[in-house]
Amino acid sequence: MAKIKVGFGFDVHQLKQNHPFILGGVNLEHTAGAYGHSDADVLLHAICDALLGAANLRDIGFHFSNTDDRWKGISSLILLQHVVALLAEKNWQIGNIDAMVCLEAPKINPHIPAMQANIAKAAGIDVDDISIKATTNEKLGFIGREEGVVAYAVCLIERV
């Protein structure tokens, strides 16, 4: 029987006015964007954490510290590529990824195919193995006030 593991990831970033909003490697047009040390791609950060957790390789902050200038402003697609390489070193491959983004605006549905394509390319998996969904927070809390964005991800990895 093949060895499989499941991982869970979560990330949150504040939104700042007139800042780029990168999600799933796609630059979204909006009045505010996620702010952080890298490109603050909350979706990719949650996915990275899910993959790292499944393989028992600690978390994204351990591998890509927000005090390390190597990662300042970097595309999170590159971080995902690094994570996939770490998994491969331990003989793991990705089975699938399921992710949820929680934000009031902008609407991401039209951008999901491009996000899936970006993630598939960076992770070396099929687009059909990546699910991305979105929801709002019904105007409640910091998400409802459009002060931040949250993403959750689960993944399945398999021993090769």
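Residues numbered from 1 in each chain as written. Predicted model: local features only at pLDDT ≥ 70, side-chain atom pairs only at ≥ 80, totals over all residues. Heavy atoms only, no water.

Student: I'd like a description of the sheet that holds strand S1 (residues 4-17), backed by residues and values.
Tutor: Ordered in space as S4-S1-S7-S5-S6, the 5 strands form an open sheet in which the pairing is mixed. Edge strands, defined here as strands with exactly one partner in the open sheet, are strand S4 (32-35) and strand S6 (130-135). If you compare each strand with its neighbour and ignore which way they point, the axes differ by 25° on average. Of the pairings in the sheet, the one linking strand S5 (residues 92-102) to strand S7 (residues 148-159) comprises 10 bridges and is antiparallel in character. When the bridges of S7 are listed, Cys102 appears paired with Val150. Each of S5 and S6 touches helix H4 (residues 112-123); the most contacted strand, S6, lies at about 140° to it. (Pairing = 2+ DSSP bridges. Helix = DSSP H or I, 4+ residues; strand = E, 2+ residues; numbered from the N terminus. Axes fitted to C-alpha atoms, helices over the stretch in contact; angles between N-to-C directions. Contact = heavy atoms within 4.5 Å.)

Student: Report on the packing of aromatic side chains, specifying residues and quantitative values.
Tutor: Applying the stated criterion to the full structure yields 3 aromatic pairs. A ring pair is formed by Phe10 and Tyr152, whose centres lie 5.4 Å apart and whose planes are at 50°; its orientation type is tilted. Note that Phe10 is positioned in strand S1 and Tyr152 in strand S7, a separation of 142 residues in sequence. We classify Phe10 as partly exposed; its relative accessible area is 36%. When the ring of Phe64 is compared with that of Trp71, the centres are 4.9 Å apart and the planes differ by 90°; the resulting orientation is edge-to-face. In this pair, the class of Phe64 matches that of Trp71, namely buried. A network of ring pairs unites the aromatic residues Phe8, Phe10 and Tyr152 as a single cluster. Above the face of the Tyr35 ring, Lys16 is positioned so that its terminal group lies 4.0 Å from the ring centre. (Phe/Tyr/Trp six-rings, centres within 6.5 Å; stacked < 30°, edge-to-face > 60°. Buried < 20%, exposed > 50% of the residue type's maximum accessible area, 1.4 Å probe, protein only. Lys NZ or Arg CZ within 6 Å of the ring centre and 35° of its normal.)

Student: Any details on the pairing of S5? Residues and values, ideally.
Tutor: The side chains of a regular strand alternate between the sheet's two faces. Where S5 meets S6, 6 bridges bridge the pair, whose relative direction is parallel. The partner of Ala99 across the bridge, within S6, is Ile132. The β-α-β motif built from S5, the intervening H4 and the parallel element S6 has right-handed crossover chirality. (Right-handed = clockwise from strand over helix to strand, strands pointing away.)

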